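# Structural features, examined
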Amino acid sequence: MKHEIDIKSIQEAALLHDIGKVLIPDKILNKKGALTDSERKIMNLHTELGYALLKQMGISEKVLNLVKYHHQKPNGSGYPKADNNFEFDINAQILQVADIYSALTEDRAYHRACTKEEALSIIYKEVENGFISKEVYEALKKSI
């Protein structure tokens with residue numbers, strides 16, 4: 001894994017990573033309770049929709065790929081299916097961990113906000129499963 005952190009690209013991707021959700025119907029985006037399989041497939045399109053929207057705006061390829069693959073895992077089990085442009089480097093991990101932490105600690109239509117401790121515990125399982133490096137987890141823990 002590369003350990004070269006590109007703060008500018010991470011910051012830009014963090015601001016833009018969910019922009020594709022503007023094209024997801026509100027009834028799916030704000031649904032209380034679990035999504036059906038077909039609703040989940042639509043929701044999962046937000047990464048590719050965001051990529052497509054931003055590609056027309058002169059955004060760097062690095063940021064575009066961070067946006068597109070912020071739900072991907074190093075073993076390819078996330079979404080969308082990774083192509084040759086995907087590299088699960090430290091920048092992708094930082095964006096992913098920030099996104100997960102944010103999603104867990106904010107009230108959403110489908111769940112109550114977790115405490116910081118609960119969120120860290122959930123994220124640590126990703127470390128144990130080999131999806132997130134311990135150094136990225138420790139940096140998150142230290143920052144909060």
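Structure's up top.
Residues numbered from 1 in each chain as written. Predicted model: local features only at pLDDT ≥ 70, side-chain atom pairs only at ≥ 80, totals over all residues. Heavy atoms only, no water.

## Focus: the packing of aromatic side chains
Between two aromatic rings, the relevant description is the distance of the centres plus the angle of the planes. Our working definition: Any Phe, Tyr or Trp ring, taking Trp's six-membered ring, that has another such ring centre within 6.5 Å forms a pair; planes under 30 degrees apart are called stacked, those over 60 apart edge-to-face, and the others tilted. Strands are runs of DSSP state E lasting at least 2 residues, helices are runs of H or I lasting at least 4, and numbering of each runs from the N terminus. Here's how the labels work: a residue is buried when its accessible area is under 20% of the maximum for its type, exposed when over 50%, partly exposed in between, all with a 1.4 Å probe on protein chains only. Only lysine NZ and arginine CZ atoms are considered, and such an atom sits over a ring when it is within 6 Å of the ring centre and within 35 degrees of the ring normal.
Overall, the coordinates contain 1 aromatic pair when judged by the stated rule. Residues Tyr-124 and Tyr-137 carry aromatic rings whose centres are separated by 5.0 Å and whose planes lie at 65° to one another, so their mutual orientation is edge-to-face. A residue pair is termed long-range when its members are at least 10 positions apart, and Tyr-124 in helix α7 (residues 116-128) and Tyr-137 in helix α8 (residues 134-143) qualify at 13 residues. A residue is classified by how much of its surface remains accessible, and Tyr-137, at 7% relative accessible area, is buried. The cationic tip of Lys-68 hangs over the ring face of Tyr-51; the distance from NZ or CZ to the ring centre is 4.6 Å.

## Focus on the environment of Ser-60
Position of Ser-60 among the secondary structure elements: in the loop between α4 (46-55) and α5 (61-68). For the pair Ser-60 and Ile-28, spaced 32 residues apart in sequence, the C-alpha to C-alpha distance is 30 Å.

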